[in-house]
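Breakdown of the fold
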Amino acid sequence: MNLDVQHQLKMACRLTGATWAALADAERGRWSLDAVHHLSGPAQRRLLQHLHERTTADWPENLLRPRAAPRPIRLANRLKLSTGRLFVYPLKHRGKLLLVGADSESSDDKQLWRLMADLIDSRPVGGAHDASLPQLQTDLFYDMPRALEQVLGYFVRAAKPHGAWLGIRRGDTMHIEAQWNDPGLAGLSLSFETSRLLRAVDRSLSDVGARSDSREWKSLPHALRRSSTCWVCFPLVFGTRLIGAVALWSATEFTTHEMRRLRQLASHFSQPVEVVVTLNEVTSQLRRLAMLNDFALTISAAHSLDQIARRVLGHLARSFPAESTALYVPAPGGSVVREFRSVQGRFSAGMSPLSGHHVLPFMKGRIIRLTKASSDFRPVYHGARCGLIVPLKFRNQVVGLLSLESTHPAAFSQSDEHLMVVVASHLAGLIEYGRVREGAERRARNIGLIHEVVQQVIGLTDAHAVAHITAQLLSRYFAYELAAVVLVSDQTAGPILGFGGSKSEAVRGTMGRGDPILREGITGHVFRTGESIFVEDTSREKDYAPTLGWFAAAEMCVPLKANGQMVGIIDVQSSEPHSFTNNDLLAMELLAGVLSVVVSNADQYGRLETTILELQAAQVEGRARMAAQQQAESRLVQAAKLAAVGEMAAGIAHELNNPLTTVAGFAELILNDTPKDAPVRADVEMVLQEALRARGVVRRLLDFARQGEQIRVRTDLGEILEAVLALMTHFIQTSGVQLEAVLAKDLPWISVDSNQMKQVFLNLLHNALDAMPAGGKLRITTATRLRNDRKWVVAEIADNGIGIDPQDIDRIFEPFFTTRGSRGGTGLGLSVSYGIVADHGGTIDVESLPGAGSVFSVWLPI
């Protein structure tokens with residue numbers, strides 16, 4: 001058994017999630033397995049027996065014919081091969097088949113298996129190869145840096161230059177991935193637009209050289225020109241595409257033998273380099289998608305902004321080449337910004353004034369990639385040479401910024417930007433709803449604490465005890481450094497003072513009788529005007545008057561009024577600026593209202609009881625709002641996931657549409673030149689017909705995936721179902737399911753968002769097909785019905801599949817609940833569908849019996 005091929009099959013199965021893989025050969029009509037991964041001996045024998053049973057005279061030849069994509073073969077349960085489908089990839093130059101066992105395969109998975117088949121197909125047969133050409137180690141195909149360094153090493157040993165680099169083409173630039181004897185070239189990107197030599201290589205797809213006496217010599221780096229007189233670049237070509245290049249330079253010209261050898265190496269390593277780069281891109285994309293999924297699941301479980309920031313920055317540090325990651329969130333008041341940083345894995349949090357902050361110029365809502373040459377780039381991390389700043393937008397408002405910094409130049413690519421946009425869309429909603437939730441929790445906590453204070457003060461009839469106990473309770477429950485309660489009573493000659501907090505002793509002796517408190521500073525202004533004052537930074541407040549032995553950096557003062565008359569004030573202070581929030585002010589004003597009643601008239605005890613009940617009701621309402629906000633947050637995360645999937649589907653559809661257009665166009669050209677009685681005309685017409693049909697499916701997929709504003713219009717439910725069935729026709733046919741669609745004519749119109757409704761029925765049809773793995777019957781009906789004295793339009797989707805267990809019926813619409821997690825289920829489809837229908841004023845009913853099938857009924861108001 002070929003161990004190299006077996007190792008490749010093992011790595012490919014890990015990357016794609018396939019259950020098993022095997023390389024099969026039918027020599028002289030008998031099937032054998034050349035290499036196998038994750039398939040036991042008895043399973044191998046059952047697979048060979050199945051291949052012999054299926055084999056006809058032309059079956060292998062039919063499989064070896066080129067086609068756009070392999071069609072999966074359904075495997076019977078009796079074979080016990082751990083999977084229900086078999087995907088076949090032919091090796092056309094060897095007459096062998098690469099067999100893959102998997103329940104499903106994405107387009108990325110299929111691309112990787114095709115590359116694996118081409119890689120095995122291109123290996124020397126029987127170990128015979130040109131001894132003069134080196135071979136790339138098999139395990140290096142999954143380690144791009146080491147593989148490219150080894151390839152460059154072969155070039156260096158073949159010519160012994162002064163220096164060399166190997167670059168991979170990325171759009172209009174050549175990114176240097178490996179270098180020899182010139183560390184300054186590592187990570188450098190060379191533009192085709194500014195390099196005439198690279199453009200010449202791209203146009204000719206052949207080696208291009210330059211000498212010190214040529215005009216192009218000045219376009220090379222100065223250090224290179226100073227140490228050499230000869231420079232030559234060899235293209236790495238795959239098919240007709242330039243995928244990369246190898247450049248070498250020396251003080252003497254390369255000999256004819258060296259040039260011939262270097263051309264051989266360039267031609268020999270082009271295909272392995274393409275495979276290495278492709279595998280690296282596929283692996284990176286799968287890793288990023290896994291990161292995004294892990295990010296969404298992990299971050300959504302956070303309950304505070306600090307937890308969200310810590311987890312987000314941890315994920316970003318592990319997923320991006322950044323030494324420093326940061327999150328900046330302006331406070332609701334807009335005067336300060338909360339800063340969260342992770343530098344080399346060390347997390348820190350702080351708060352700074354927003355005015356003059358270095359992130360202020362980037363709060364305009366644009367994604368910016370910055371380099372050291374940018375005038376606005378002031379890196380936080382010492383030695384950073386580039387940065388990526390992505391705004392967090394919620395309802396077109398910037399609610400924060402994400403910042404990545406790296407010591408490597410051009411460390412962030414356009415794909416990094418796209419992924420960061422998805423992360424930012426998740427994070428913006430989480431931060432905004434987290435901020436609302438924190439405010440609600442703080443309000444609820446403050447209300448509870450105020451309730452505790454009121455309970456202990458409500459029965460007091462002595463003004464001195466009221467002032468003293470209230471100040472003590474404020475400092476104890478709210479952790480204020482200084483709390484002062486000043487009361488004005490007709491029963492006393494002067495103001496009554498009560499102090500609490502760690503700084504109360506320092507200021508008690510300097511306050512005197514308290515008259516200055518009611519005349520001067522912030523407290524005097526509040527007593528004169530009867531208006532609350534909330535000062536975040538006293539250094540910027542002209543009315544602030546410091547007390548001997550104490551300087552407050554933040555102060556909050558509220559009046560006490562009874563029957564329109566001032567009866568006192570409540571003043572709290574802190575040594576740290578920005579210590580108080582609007583929620584604290586609201587809590588103090590709430591307490592002031594209750595305390596004013598206690599001070600003015602102890603006989604109004606009954607009214608205070610009513611106030612307490614209102615406070616308790618407000619506390620219950622706050623908890624209810626928190627629960628509603630958590631539910632809205634969950635829906636936001638699910639909607640962002642579906643948006644990312646829609647964008648991915650649109651991208652894939654665009655990629656499919658171009659080759660289909662080419663196939664259709666050339667088929668029409670061939671038909672124009674083919675006589676009507678030619679034998680091949682019928683085949684060409686079939687090609688054109690199928691290409692046009694496939695292009696129509698792609699166009700409908702694009703229409704479905706295209707995002708826009710959610711607009712509800714009056715429409716016919718039958719038209720929506722027909723559009724969804726057009727997308728699902730291929731899946732229904734290939735699943736062995738019989739479709740019966742009974743759509744009522746002249747249904748009343750409904751007001752819905754068509755794209756959202758298509759998503760609902762697409763989810764329900766997918767679930768129905770998944771419930772019938774061995775085929776079955778699918779029935780779709782529409783009608784008008786009467787329910788709760790109201791007319792509704794109802795669409796029923798019925799299947800005769802495996803059904804739903806009774807204990808799961810009540811949970812199927814819960815987010816992330818799924819009964820097919822091992823087969824790729826996420827538990828989001830029915831939850832999102834139910835949310836969409838409920839948002840339209842409708843509902844979804846389900847009836848199911850295990851083994852007998854399920855019926856989902858979508859009720860929409862007329």
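Refer to the structure printed above.
These remarks concern the structure in this document. (Residues numbered from 1 in each chain as written. Predicted model: local features only at pLDDT ≥ 70, side-chain atom pairs only at ≥ 80, totals over all residues. Heavy atoms only, no water.)

1. So, the overall build of the protein
Stated precisely, the cut-off is as follows: Numbering of helices and strands runs from the N terminus, with a helix taken as a DSSP run of H or I at least four residues long and a strand as a DSSP run of E at least two residues long. The cut-offs for exposure are 20% and 50% of the maximum accessible area for each residue type, with area from a 1.4 Å probe on protein chains only; residues under the lower value are buried, those over the upper are exposed, and the others partly exposed. Residue contacts are defined here by distance: any two heavy atoms, one from each residue, within 4.5 Å place the two residues in contact. Residue burial considers only the protein chains on display, and all accessible areas are found by Shrake-Rupley using a 1.4 Å probe.
Tallying secondary structure elements over the protein gives 20 helices and 29 strands in all. Evaluated residue by residue, the protein yields a buried proportion of 46% over its 862 residues. At a minimum sequence separation of 6, the contacts of the protein that also span at least 24 residues come to 59%. Looking at the protein as shown, the accessible area adds up to about 43600 Å², and 50% of this sits on carbon and sulfur atoms.

2. With respect to the side chain of Ser833
Of note, Ser833 is situated in helix α20 (residues 829-839). Each residue touching Ser833, except ones within four places of it in the same chain, is listed here: Gln759, Val760, Asn763 and Ile844.

3. Some thoughts on the packing of aromatic side chains
The criterion, for reference: In summary, the pairing rule links any two rings of Phe, Tyr or Trp, Trp by its six-membered ring, whose centres are within 6.5 Å, and it sorts them by plane angle into stacked for under 30 degrees, edge-to-face for over 60 and tilted for everything else. Lysine NZ or arginine CZ positioned within 6 Å of the ring centre and within 35 degrees of the ring normal marks a charge as sitting over the ring.
Counted by the stated rule, this structure contains 4 aromatic pairs. Considering the side-chain rings of Tyr154 and Phe269, the 5.4 Å spacing of their centres and the 10 degrees angle between planes classify their relative orientation as stacked. You can see Tyr154 sitting in helix α5 (residues 144-159) and its partner Phe269 sitting in helix α8 (residues 256-299), a full 115 residues away along the chain. The pair formed by Tyr154 and Phe269 is uniform in burial state, with each residue classed as buried. Here Arg169 stacks its cationic end above the ring of Phe192, 4.4 Å away from the centre of that ring.

4. Structural notes on helix α11 (residues 463-478)
Note the cut-off: By definition here, a helix of n residues has an expected span of 1.5 Å times n minus one.
Under the 1.5 Å per step criterion, the end-to-end length of α11 is 22 Å for 16 residues, consistent within 8% with the ideal 22 Å. All buried positions along α11 are accounted for by Val466, Ala467, Thr470, Ala471, Leu473, Leu474, Ser475 and Phe478. Immediately beyond the C-terminal end of α11, within one or two residues, lies Ala479, with a positive phi of roughly 60 degrees.

5. Brief notes about unusual backbone geometry
In this structure, Leu205 is a non-glycine residue whose phi angle is positive, near 55 degrees. Along the chain, Leu205 falls in the loop between α6 (196-204) and β9 (208-211). If you check the backbone angles, Arg395 has positive phi at about 55 degrees while not being a glycine. In this fold, Arg395 is placed in the loop between β16 (386-394) and β17 (397-406).

6. Re the pattern of salt bridges
We count it as follows: Salt bridges are identified by distance alone: a Lys or Arg side-chain nitrogen within 4 Å of an Asp or Glu carboxyl oxygen.
As enumerated under the stated definition, the model contains 15 salt bridges in all. Note that Asp207 is salt-bridged to Arg263, the shortest N-O span being 2.8 Å. Placement of the pair is Asp207 in the loop between α6 and β9 and Arg263 in helix α8, with a sequence separation of 56 residues. We note a salt bridge from Arg211 to Asp213, for which the minimum N-O separation is 3.2 Å.

7. Here's the deal with the sheet that holds strand β26 (residues 776-787)
The cut-off we apply is this: Strand pairing follows a simple DSSP-based rule, namely that at least 2 bridges must link the two strands. Note on method: axes are straight lines fitted to C-alpha atoms, helices fitted across the in-contact stretch only, with angles between N-to-C directions ranging 0 to 180 degrees.
If you trace the 5 strands from one edge of the open sheet to the other, you get β24-β26-β27-β29-β28, paired in mixed fashion. Among the strands making up the open sheet, the edge pair consists of β24 (737-742) and β28 (843-849). Sheet twist, expressed as the average angle between the axes of neighbouring strands with direction ignored, equals 20 degrees. In the sheet, β24 pairs with β26 via 6 bridges, with the strands oriented parallel. From the neighbouring strand, Leu739 faces β26, where its bridge partner is Leu778. Its contacts with the sheet put helix α17 (residues 717-734) on β24, β26, β27 (790-799) and β29 (853-861), and the angle it makes with β26 is roughly 170 degrees.

8. Looking at the nonpolar core
To be explicit about the condition: Here, the term nonpolar core denotes a set of buried Ala, Val, Leu, Ile, Met, Phe, Trp, Tyr and Cys residues that are joined through side-chain atoms within 4.5 Å.
Counting 38 residues, the largest nonpolar core has Phe761 and Phe856 as its most contacted members. Secondary structure elements with two or more residues in this core: α17, β25 (750-752), α18 (754-770), β26, β27, α20, β28 and β29. The element that contributes the greatest number of residues to this core is α18, accounting for 8 residues. Setting aside residues up to four positions removed in sequence, Phe856 forms contacts with Leu764, Ala795, Glu796, Ile797, Ile804, Ile812, Phe813, Leu830, Ile844, Asp845 and Val846. Grouped together as the second largest cluster of nonpolar side chains are 34 residues, Val454, Tyr480, Leu585 and Ala587 included.

9. Section: the packing of α18 against α20
For the record, the criterion: Crossings are sorted by hand: turned counterclockwise from the far helix by less than a right angle, the near helix makes the crossing left-handed, and turned clockwise it makes it right-handed. Following the grouping adopted for this structure description, the nonpolar residues are Ala, Val, Leu, Ile, Met, Phe, Trp, Tyr, Cys and Pro, the charged ones are Asp, Glu, Lys and Arg, and the polar ones are all others, Gly among them.
As a packed pair, α18 and α20 sit with axes 9 Å apart at the nearest point and diverge in direction by 145 degrees. In this structure, α18 meets α20 at a crossing whose hand is left-handed. Across the interface between the two elements, Gln756, Met757, Gln759, Val760, Asn763, Leu764 and Asn767 of α18 pack against Gly829, Leu830, Val832, Ser833, Ile836 and Val837 of α20. Considered class by class, the residues forming the contact of α18 with α20 number 7 nonpolar, 6 polar and no charged.

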